[in-house]
Amino acid sequence: MATSAVWPLDIVLHEASGQLEVLWNDGLHYTLDASGLRAACRCAACESLRRAGTPLVPAAGIALTLLRPVGEFGLQLCFSDGHDRGIYPWSYLHELSSILSLQTTP
Ligand SMILES: [Zn+2]
């Protein structure tokens, strides 16, 4: 099995804001917004909505409630709307980081 080229050195779930802070092995440091992560969910249900042309609009004030490690592979993210089907491989989370990031610490 191919190893991901990027992996997190540190992950913090900010419960108050529901945001995800990730420090990557390439030195990038990102804070990810729960709403953007929810909209980017790639589970079967969300993918079929997307294929049907239905835009995924996360509920206002949505937050991350739980992170579940998926082996060395990535994270399963659970959201405050009860959606917990999304698996986010490290490579995908890293890609989303550059798109969704709210702030970057040098
Ligand atoms: Zn989903």
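The coordinates are above.
Source: prediction; values computed, not measured. (Residues numbered from 1 in each chain as written. Predicted model: local features only at pLDDT ≥ 70, side-chain atom pairs only at ≥ 80, totals over all residues. Heavy atoms only, no water.)

1. Thoughts on the coordination of the zinc ion
Here's step 1: With distances of 2.1 to 2.3 Å, the protein atoms coordinating the zinc ion are Cys 41 (SG), Cys 43 (SG), Cys 46 (SG) and His 83 (NE2).
Here's step 2: Seen from the zinc ion, its four donor atoms lie at angles of 102 to 113 degrees, and the figure they make is tetrahedral.
Here's step 3: In primary-sequence terms, the residues that donate to the zinc ion follow C-x1-C-x2-C-x36-H. Separated by 37 residues along the polypeptide, Cys 46 in helix H2 (residues 44-51) and His 83 in the loop between strand E5 (74-79) and strand E6 (86-89) bring together distant segments of the chain. (Donors = N, O, S within 2.8 Å, 3.2 Å for Na, K, Ca; no water. Tetrahedral: all angles 85-135°; square planar, octahedral: opposite > 155°, others 65-115°. Helix = DSSP H or I, 4+ residues; strand = E, 2+ residues; numbered from the N terminus.)

2. Describing the pattern of salt bridges
Here's step 1: The full count for this structure, using the stated rule, is two salt bridges.
Here's step 2: Asp 81 is the salt-bridge partner of Arg 38, the closest N and O atoms lying 2.8 Å from each other. Residue Arg 38 is found in helix H1 (residues 34-39), and its partner Asp 81 is found in the loop between E5 and E6; the two are separated by 43 residues along the sequence.
Here's step 3: Residue Arg 38 is classed as buried on the basis of its relative accessible area of 10%.
Here's step 4: Linking Arg 50 and Glu 47 is a salt bridge whose minimum nitrogen-to-oxygen distance equals 3.2 Å. Taken together, the residues Arg 50 and Glu 47, both in helix H2 and three residues apart, mark about one turn of the helix.
Here's step 5: A relative accessible area of 33% places Arg 50 in the partly exposed class. (Salt bridge = Lys/Arg side-chain N within 4 Å of Asp/Glu carboxyl O. Buried < 20%, exposed > 50% of the residue type's maximum accessible area, 1.4 Å probe, protein only.)

3. Remarks on a nonpolar patch on the surface
Here's step 1: Together, Trp 7, Leu 9 and Leu 23 line one region of the surface with nonpolar side chains, adding up to about 290 Å² of accessible area.
Here's step 2: Relative to the assigned elements, Leu 23 resides in strand E2 (residues 19-24).
Here's step 3: Judged by its relative accessible area of 30%, Leu 23 falls in the partly exposed class. (Patch = residues over 30% accessible without salt bridge, like charges linked within 9 Å, V, L, I, M, F, W, Y side chains within 5 Å. Areas by Shrake-Rupley, 256 points an atom, 1.4 Å probe, with all protein chains shown as cover.)

4. Regarding the side chain of His 83
Here's step 1: For His 83, a relative accessible area of 14% corresponds to the buried category.
Here's step 2: When sequence neighbours within four positions are dropped, the list of residues in contact with His 83 reads Arg 38, Cys 41, Cys 43, Cys 46, Leu 77 and Cys 78. (Contact = heavy atoms within 4.5 Å.)

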